[in-house]
Amino acid sequence: MGKIRIRTGRGTGTIEVDEDASKWSGDEFRKIQEARKKATANRMVHTGRGTGSRKLGDMPEPKARPSTEGMTRSTGRGTSSRKSRNKGS
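What you see is a predicted model; the values in this text were computed from it and never measured.

Conventions adopted
Residues numbered from 1 in each chain as written. Predicted model: local features only at pLDDT ≥ 70, side-chain atom pairs only at ≥ 80, totals over all residues. Heavy atoms only, no water. Pairing = 2+ DSSP bridges. Helix = DSSP H or I, 4+ residues; strand = E, 2+ residues; numbered from the N terminus. Buried < 20%, exposed > 50% of the residue type's maximum accessible area, 1.4 Å probe, protein only. Salt bridge = Lys/Arg side-chain N within 4 Å of Asp/Glu carboxyl O.

Q: Which residues make up the pairing of strand E3 (residues 44–47), and what values go with them?
A: Bridging between E3 and strand E4 (residues 52–55) involves 4 bridges; their strand directions are antiparallel. Looking at E4, one finds that Val-45 is bridged to Arg-54. Taking the residues that link successive antiparallel strands as the turn, the E3-E4 hairpin has 4 residues, and the phi of Gly-48 there is positive, at about 55°.

Structural data, given as structure tokens:
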């Protein structure tokens, strides 16, 4: 286990944290998040600026990330481009 540096505060600061899947986003974090959701399915959460509420178990599942492989992605302030290699999830 090593230390990794992550951005904080709208990208203006950095902190060093242990390399751990629970501190990241992506496919591994989705699995962790799904397990947390199942454990607290009966808990109520507030939605829409606090005007609504629903149980965590009733929340919809997140959609899979679509593949953008082969599409053009703009880089360098929009002055150049490259092909995307994102295969989705």
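Q: For the environment of Lys-63, give the residues involved together with the corresponding values.
A: Tracing the backbone through its elements, the reader meets Lys-63 in the loop between E4 and strand E5 (72–75). A relative accessible area of 75% places Lys-63 in the exposed class. When the C-alpha positions of Lys-63 and Ser-89 are compared, they lie 9.4 Å apart, and in sequence the two are 26 residues distant.

Q: Hey, could you go over the pattern of salt bridges for me, with residue numbers and the actual values?
A: Considering all chains together, one arrives at 5 salt bridges under this definition. Glu-16 serves as the salt-bridge partner of Arg-5, at 3.4 Å between the closest nitrogen and oxygen. With a gap of 11 residues between them, Arg-5 in strand E1 (residues 3–8) and Glu-16 in strand E2 (residues 13–18) connect regions that are remote in the sequence. Given the relative accessible area of 57%, Arg-5 is considered exposed. In this structure, Glu-69 engages Lys-87 in a salt bridge whose closest nitrogen and oxygen atoms are separated by 2.7 Å. Of this pair, Glu-69 sits in the loop between E4 and E5 while Lys-87 sits in the segment after strand E6 (80–83); the two residues are 18 residues apart in sequence, bridging distant segments of the chain. For Lys-87, a relative accessible area of 59% puts it in the exposed group.

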